[in-house]
Structure formats: C-alpha cells, structure tokens
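Listed below, chain by chain, are the residues.
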Amino acid sequence: MASNKKTVPFYGTEEQKEQLLKVIQELRDEKGCLMPIMQKAQEIYGYLPIEVQKIISDELNVPLEKIYGVATFYSWFNLNPKGKYEISVCLGTACYVKGSGDIYNKLMEKLDIAGGECTPDGKFSLDACRCVGACGLAPVMMVNGEVYGRLTVDDIDGVLEKYN
Ligand code: FES
C-alpha cells in the first residue's frame, strides 16, 4: 500500500468539481451508488486523491474512512496521479528471479516514493506490473512503454538520467 509520505499537490478545477457534483446528483438515489460515483470521479480527475474523496464523503454523507477503505481496497482506484514518466517494473516470475525486486527497491529509494506513488514534482510515478512478454530480456522495466531489459541496479541511474 502507498505510504503517503509524499503527496502531489492537488490541482482540481472548478469545472471538474461541477462535473463530479452533477454525477453525484444523478446517481445518489441509486442503490450501491458509491462505487460508480468513485469510478466516475476517477475518470474526471484521472485519479482519486483525498480531496476528491472528501467531496464525495460530504455530498453523500458517507464517512471518509469508508470511502478511503474502498479506494485502497480495489486496485483500479489510483490515489496518486501518474507521473509525466510512468515507470513500471515487471515483477513477473522470470524477471523476479533475475532480480527485478532489487530494481524496484532501488527505484523506490532513488525516487524517494513507494510503489503506486508519484514524485511531488509530478515527474515520475512508479508501479509494479506483471509479465509484459519480454521475459527473454529479464529483468525488465518500462518508462512510458519503452522497455529496458537485462538490468542491474547499477543501470538505474543511467535510465533515470535519460528523463532528466
Ligand atoms: S516476467 Fe517480466 S517480462 Fe515476463
């Protein structure tokens, strides 16, 4: 789970808020409306930060803890935005046995974020993923879809520098 030790500033617009309030208005009387509203909210904002969860909580009169619980339980909700550069490290079996766990840990250390988080400047986000079909290149990581293979932890600085 995300550590939340770093947070990216929230830049929601009035227009996005209006859209969300409209969605809430439309769905609020339907049974089981919380999930669809949260999904729509994520579509509007691209992720589901605590500020957006608060709006939903206030409007529906549902405790924030409950909304936070749902948001953290289901993996399709993102509590953090994606970075300009989306890094994903393959933790599939072939990559894992060749050390992708170390690569992932090194990236968390270098970027000073946990998996699922984004650096406060919005530049890099970090996630783990399953097999991306490039097992011959294990261990593999991707940056915005560009594949880097046969990595060691010593390669990480060089890869990140390409995006600086
Ligand atoms: S396990 Fe990583 S690419 Fe297949």
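Thresholds applied
- Residues numbered from 1 in each chain as written.
- Predicted model: local features only at pLDDT ≥ 70, side-chain atom pairs only at ≥ 80, totals over all residues.
- UniProt positions renumbered as here; feature names shortened; annotations may be inferred.
- Axes fitted to C-alpha atoms, helices over the stretch in contact; angles between N-to-C directions.
- Helix = DSSP H or I, 4+ residues; strand = E, 2+ residues; numbered from the N terminus.
- Parallel < 35°, antiparallel > 145°, perpendicular 65-115°, else oblique.
- Left-handed = near helix turned anticlockwise from the far one by under 90°.
- Contact = placed C-beta atoms within 7 Å.
- Nonpolar A, V, L, I, M, F, W, Y, C, P; charged D, E, K, R; others polar.

Where an unreviewed UniProt entry is consulted, the protein appears under the name NAD(P)H-dependent oxidoreductase subunit E, with the organism given as Coprococcus catus. Per its UniProt entry, the protein bears the Sequence similarities (unreviewed entry) comment "Belongs to the complex I 24 kDa subunit family."

Trainee: I'm lost on the packing of helix α1 (residues 14-27) against helix α2 (residues 34-45) in this one. Help?
Mentor: For any two helices packed against each other, one specifies the crossing angle of their axes together with the interaxial distance. Packing of α1 against α2 brings their axes to within 10 Å, and their N-to-C directions diverge by 160 degrees. Here α2 runs roughly antiparallel to α1, going by the angle between their axes. α1 and α2 meet at a crossing whose hand is right-handed. Across the interface between the two elements, Gln 16, Gln 19, Leu 20, Val 23, Ile 24 and Leu 27 of α1 pack against Pro 36, Ile 37, Lys 40, Ala 41, Ile 44 and Tyr 45 of α2. For the contact of α1 with α2, the residue count by class is 9 nonpolar, 2 polar and 1 charged.

Trainee: I tried to follow the UniProt feature "binding site: [2Fe-2S] cluster" (unreviewed entry) in the protein on my own but got confused; where do I start?
Mentor: Cross-referencing UniProt, the feature "binding site: [2Fe-2S] cluster" (unreviewed entry) maps to Cys 90, Cys 95, Cys 131 and Cys 135 in the present numbering. In sequence the annotated residues extend across 46 residues, while in space they remain close, none of their C-alpha pairs exceeding 9.4 Å. Its location among the elements puts Cys 90 in strand β1 (residues 85-90). Contacts of Cys 90, omitting those with residues within four sequence positions, involve Cys 95, Ser 100, Cys 129, Cys 131, Val 132, Pro 139, Val 140 and Met 141. Inspection of the secondary structure assignment puts Cys 131 in the loop between β2 (124-129) and β3 (141-143). If near-sequence neighbours (up to four positions away) are discounted, Cys 131 is found in contact with Cys 90 and Gly 92.

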